[in-house]
Amino acid sequence: MKQRLLAIVCVLFAMQTMLGASYCGDPNVNGGKDVQWDIVDGTLIISGVGAMRDYGRKNLSPWRYNSSWQNVKIEEGVTTIGDYAFYECSDLTNVTISNTVTSIGENAFSSCSGITDITIPNSVTTIENYAFYLCDGLTTITIPSSVTNIGVNPFIIRNLSSIVVDETNEVYDSRGGCNAIIEKSTNTLISGCKNTVIPNSVTCIGEESFYGCSGLTNITIPTSVTTIKEYAFVACENLTDLVIPNSVTLIEDGVFKGCYRISNLTLPNTLTSIGDRVFDTCEGLTNISIPSSVTSIGNEAFARCFGLVDIIIPSSVTTIGDYAFSGCSKLTHVAIPSSVTSMGYGVFSDCYSLTGVTIPNTMTAIPEGILAGCVNLKNFTIPDFVTTIGGRAFSGCTGLTQISIPNSVDFIGDNAFYKCSSLTEITIPSSVTTIGDYSFQNCTGLTQITIPSSVTSMGGHVFSECINLTTVTIESEAVASMGNFKSLFGEQVTTYVLGEEVKSIGISAFEGYTNLPEFNMPSSLTSIGERAFYGCKGLTDIVIPNSVTSIGGDAFSGCTGLTQITLPNSVDFIGDNAFNKCSSLTEITIPNSVKSIGNNTFQGCTNLASVVFPESLESVGSQAFNNCKALLSITLPASVTSVGVYAFRSCSSLSDVTCLNPVPPVLGRLAFSGISKEAILRVPDVEAYKASDWAKSFSIIEEIDPSSIRSIEAEGESFTPIHDLSGRRVTVPVKGQIYIVNGKAVVW
C-alpha cells in the first residue's frame, strides 16, 4: 500500500513539473505564463502574447534535449525570441517566425546547423549578437527594411555566400550588391561573407565581420578604410593574400588570428600599433615587414606563427607585449632595437630554433620569460649594463650550456634558469643581492655552486632537483642563517663549505639529511640555530669553534651517532633539547661561561657517563639529564641555586652526588627520582640538606669527609674543576691543602 501511494505521489510530482515547464514567457511578466511551448507532430510551437524568456549556456531551454521535434513555429502574439532559445538544436531544419516578433535574441539559433533557409519577417527591428552563429546550412540571408539594430555579427556562417539588405532599410544597406551589411551612418561593414566585395565608401571593417568565413580566399581592402576592428577576419582559414592600404591607421586585436594560410601580407606604413593577437596562429606567414611607423606590438601579436623565419623590429618600436613572438618555432635570431623601453612576459618563449637575441644597451633588465623554452639556445652573454634577470627568463632552455652573468646584475628572478639541464657551471657574481624561488631548480648538469657574500635574500628550493650538485660554498651570512639547506640545495649535496663571513648556521640547516654532508665551522661562527643538526644520525663528532656563543634549541637533538663534542668557553647559551637523545655521547664538559642548562638539554643521552659542570652554573633545567642511565656521579658547583623538575630522573646508575653549595639549592619535584637506591649525597652542611627537600630524594647524606682524602700527586692524576671545602672555585691550588675534585676530597 505504501509503495502504491509513493508511486502516485511521484506521478503527480512529474505532471506538476511538466506543466511548469510548458511556460516560456518573460518571468518578470505574470510569472512567464503568457507564453507557452508545446510539441505537436514534430513541431515545437511557441504561442501566447509577449516576450519569450532568455536562456543561457548554463540555463538551457526545456526543449533542448527533447529529440521529438525538427520544426519551430513562433506564432502570432509572441514578440521576442529569447537569448539561446534554440542554442545547439542541431536537428532543427525549418523555422517559421510570425510577423509579431520584433527581436531575435543573442545566440538564439546558434549552432543550428540543420537550418537551410530562414525568413526574417518585416516586423523584426533587432537582431542580437551571434543570433545565427554557425548556422552553416544557411547560404543566403536577407535583412528586411524593419531592422534598425544589429549586434556583433549575428551571421558568422561558414558557407554564407549571399547577404542582401532591403533597399528601403534606413539604417543598413548592401550597396552595389556587395554581399555585406553596411551601417549607413558610419560606413562600417558589420557582416560579410565569402563573396563580399568591400565598397570604396566603407571606412571601417567591423568587429568579427568576416569571422570564420572559411570560403574567403582573398579580399581587397579599399583605400577608404581607416580602421579594422577586432577579430574582423579571425579564423578565415583559407585567406592567402592580403594588402592593407596605407589609409589604415588602426588594426585592432585579433584581426587575422587563425588565418592559417596567409603567406603574403603587406602592412601600411601609416600603422602606429599592432594589436593583441593580430596575427596569432598565422602559420603560413614566413616573413613580414613591420613598418617604421609602428611604435607598439601587442600581446601575442605574432604568437604561434610557426612558419615565420625572419622578423625585423624597426627602431620606432618602444613597446612589445606579452608573448608577442611566442611559439615562432622557425625564428633563429632577433635583434631588439634600442628604442624598446618596455617588454612583456615571454616575448620569445618557445621559439625552439632561436639561437640568439641581441639586447640593446638601453635595456637594464632581461624581461621575464623572454627566452623560456628556447631549447636550441646554446650560450648567452648577458651584457654588462643589465641589472636584473627576470623570472623564467631562461626557463626550460635545455640546450643552454654556458651563460655569463656580469657584475652589474643584482637580481635573479624566480625560475630564471629552471630546467636548464645542460648548464654545467654558472658563476653568480658578487653584485647579486637577491636570488628568487626555484631559480636554478632542475639544473641537473650543475655540480658545484658558490653563493657570494653579497646575497642578502634567497628564495625557496633554489637548487632543488639539481641531482648532480655535490659541492655548495656559502659565503653569504644571510643564506647560511636561512638554514634548511636540504630544501635549498637538495639531499644529494656531499660537501658544504661555509665562508669566513658566515656568523650563523640557520634553523634546520642540516636537518633531514640521511647521509650528513661534509661541512666546516668557520672561525667567524657565533651561533648554531635551532634544529641545525636535528636528527643527523651520521654525525659522530664535532668541534665547535671558540667563536660560538649560542647553541639553539634542539640543535643536535636526535644525533644518535654523536660520541664526542667539544664545547668552547665562548658558549654562554645552550637551548632546550640541544643534545636531547644523543644516545652515543659518553662525556661532556660544560664551558665556564654557561650559567644555565636548559630543559631537556641532555635528556635521553643514555651512554653519558661523565659531566663536568662549570662554577658559573646557576641552574639545571627540567629533565635536563632525564634518563641518562650511564651517569655515575656528578658534582654541582657552589654556584648552583636550583635544580629543575625531573632534572636527573631515571639516572639509574647515579650513585654519588656532590653539591658544593652550603645552602641547599631549590629542588624541583622528583628531580632525582629513579636514581640508585644507595646513592650518597655529599654536602658541606649535612644538617641544612637534611632540613630541605633534598632529604626526600637521598636517604644517605654525608659531610665531605677528610678521611677519604687521597693524594693527587701520588696518583699522578689531573682534575678540573677544583673547589675548596666551602664550595668556592680554586684556580691555583696550594700543595698540601684539601680540595673537592669531581665529588671527591683530595690532597693536592
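Structure's up top.
Since the model is a prediction, treat every value here as computed from it, not as a measurement. The residue numbers shown here count from 1 along each chain, following its written sequence. Only residues with pLDDT of at least 70 get local features here, since the model is predicted, and only at 80 or more are side-chain atom pairs given and counted; chain-wide, interface and lining totals rely on the full set of residues. The side-chain numbers reported here are obtained from all heavy atoms of the structure, hydrogens and water having been left aside.

1. Quick notes on the overall build of the chain
Stated precisely, the cut-off is as follows: The way it works is that DSSP assigns letters per residue, a run of H or I at least four long becomes a helix, a run of E at least two long becomes a strand, and they are numbered from the N terminus. Here the radius of gyration uses the C-alpha set of atoms, whereas the globule reference equals 2.2 Å times the residue count to the power 0.38. Relative accessibility thresholds used throughout: buried, under 20% of the residue-type maximum; exposed, over 50%; partly exposed, between the two (1.4 Å probe, protein chains only). The criterion used for residue contact is that any of the two residues' heavy atoms lie within 4.5 Å. All accessible areas in this document rest on Shrake-Rupley with a 1.4 Å probe, and a residue is counted as covered only by the protein chains that are shown. Charge assignment in this entry is limited to Lys and Arg as positive and Asp and Glu as negative, and neither His nor the chain termini are counted. Just so you know, the charge point we use is NZ for Lys, CZ for Arg, CG for Asp and CD for Glu.
When helices and strands are counted, the chain shows six helices and 58 strands. In terms of overall dimensions, the chain is more spread out than a globule: its C-alpha atoms have a radius of gyration of 43 Å, far above the 27 Å expected for 748 residues. The buried share of the chain, taken over its 748 residues, is 52%. Pairs at least 24 apart in sequence give 30% of the contacts found in the chain among residues at least 6 apart. Taken as a whole, the chain presents about 30,700 Å² of accessible surface, with 48% of it coming from carbon and sulfur. For the chain, the distance from the average position of its 39 positive side-chain charges to the average position of its 67 negative side-chain charges is 9 Å.

2. So, the sheet that holds strand 54 (residues 700–703)
Stated precisely, the cut-off is as follows: Only strands that DSSP links by at least two bridges are regarded as paired with each other. Each axis is a line fitted through C-alpha atoms, and for a helix only the stretch in contact is used; angles between axes span 0 to 180 degrees, taken between their N-to-C directions.
Sheet architecture is open: four strands sit in the order 49-51-53-54, paired in parallel fashion. Bordering the open sheet on either side are strand 49 (633–636) and strand 54, each of which pairs with just one other strand. Pairs of neighbouring strands in the sheet enclose a mean axial angle of 20°, with direction left out of account. Where strand 49 and strand 51 (residues 656–659) come together, four bridges link them in parallel fashion. Counterpart to isoleucine 634 in the pairing with strand 51 is valine 657.

3. What about the state of the cysteines?
Selection criterion: For this text, the term disulfide refers to a pair of cysteine sulfurs within 2.5 Å.
As enumerated under the stated definition, the model contains zero disulfides in all. The structure places no disulfide on cysteine 213, whose sulfur is separated from the nearest cysteine sulfur, that of cysteine 236, by 5.1 Å. Under the relative-accessibility criterion, cysteine 213 is labelled buried at 3%.

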